[in-house]
Amino acid sequence: DNTDRRLKPEMYATVSVGLGEGAEALLVPAGAIQDVDGVPMVFVQESGGRFRACAVRPGRRVGDWTEVTGGVRSGDQVADRGSFLVKSELLKSRMAEE
């Protein structure tokens with residue numbers, strides 16, 4: 001805020017930033033999460049090169065990774081770079097059904 005104007009351009013300071021305690025988290029590449037009808041989803045690879053859509057609960061983002069607090073399990077293989085293509089195929093098959 002600096003309403004009292006005590007901080008000025010080019011001033012130096014020594015600060016400490018508390019990072020808190022570390023915790024285990026399940027992370028997926030941020031590009032793996034796709035919005036499908038307003039629901040965040042990832043596409044989990046199944047046998048035979050097929051994918052199934054899984055709704056997820058995204059958490060914090062850390063660089064190119066996003067924490068997932070529900071919807072997938074550790075060890076699940078998710079589509080990353082090709083996830084938009086998988087989403088397009090899902091929407092195309094839905095349109096064909098209608």
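Residues numbered from 1 in each chain as written. Predicted model: local features only at pLDDT ≥ 70, side-chain atom pairs only at ≥ 80, totals over all residues. Heavy atoms only, no water.

(A) Spotlight on the sheet that holds strand 5 (residues 58-62). Ordered in space as 1-6-5, the three strands form an open sheet in which the pairing is antiparallel. On the outer flanks of this sheet lie strand 1 (27-29) and strand 5, each paired with one strand and no other. The average angle at which neighbouring strand axes cross in this sheet is 35°, direction not considered. Of the pairings in the sheet, the one linking strand 1 to strand 6 (residues 65-68) comprises three bridges and is antiparallel in character. The residue bridging Pro 29 from the neighbouring strand is Trp 65, located in strand 6. (Pairing = 2+ DSSP bridges. Helix = DSSP H or I, 4+ residues; strand = E, 2+ residues; numbered from the N terminus. Axes fitted to C-alpha atoms, helices over the stretch in contact; angles between N-to-C directions.)

(B) Structural context of the side chain of Gln 34. Turning to its location among the elements, Gln 34 is positioned in strand 2 (residues 34-36). When near neighbours in sequence (up to four residues on either side) are disregarded, Gln 34 contacts Val 39, Pro 40, Met 41, Phe 43, Ser 83, Phe 84 and Lys 87. (Contact = heavy atoms within 4.5 Å.)

(C) The environment of Val 17, seen in detail. Examined against the element boundaries, Val 17 turns out to sit in the segment before strand 1. Considering only alpha carbons, one finds Val 17 and Arg 6, eleven residues apart in sequence, at a separation of 21 Å.

(D) Structural context of the pairing of strand 6. Pairing between strand 5 and strand 6: three bridges, direction antiparallel. Counterpart to Arg 61 in the pairing with strand 6 is Thr 66.

(E) Examining unusual backbone geometry more closely. Even without being glycine, Arg 5 reaches a positive phi, approximately 60°. Note on placement: Arg 5 falls in the segment before strand 1. Take Arg 5: its relative accessible area is 60%, and that puts it in the exposed class. Positive phi, close to 70°, is recorded for Glu 10, a residue that is not glycine. With respect to the secondary-structure elements, Glu 10 resides in the segment before strand 1. Here Glu 10 falls in the exposed class, since its relative accessible area comes to 75%. (Buried < 20%, exposed > 50% of the residue type's maximum accessible area, 1.4 Å probe, protein only.)

(F) Highlighting the sheet that holds strand 2. Spatially, three strands are ordered 2-3-4 in an open sheet, and the strand pairing comes out antiparallel. The open sheet has two edge strands with one neighbour each: strand 2 and strand 4 (51-55). For this sheet, the mean inter-axis angle between neighbouring strands, taken without regard to orientation, is 50°. Direction of pairing for strand 3 (residues 39-45) relative to strand 4: antiparallel, over a ladder of five bridges. Residue Val 42 lies in a different strand from strand 4, and its bridge partner there is Cys 54.

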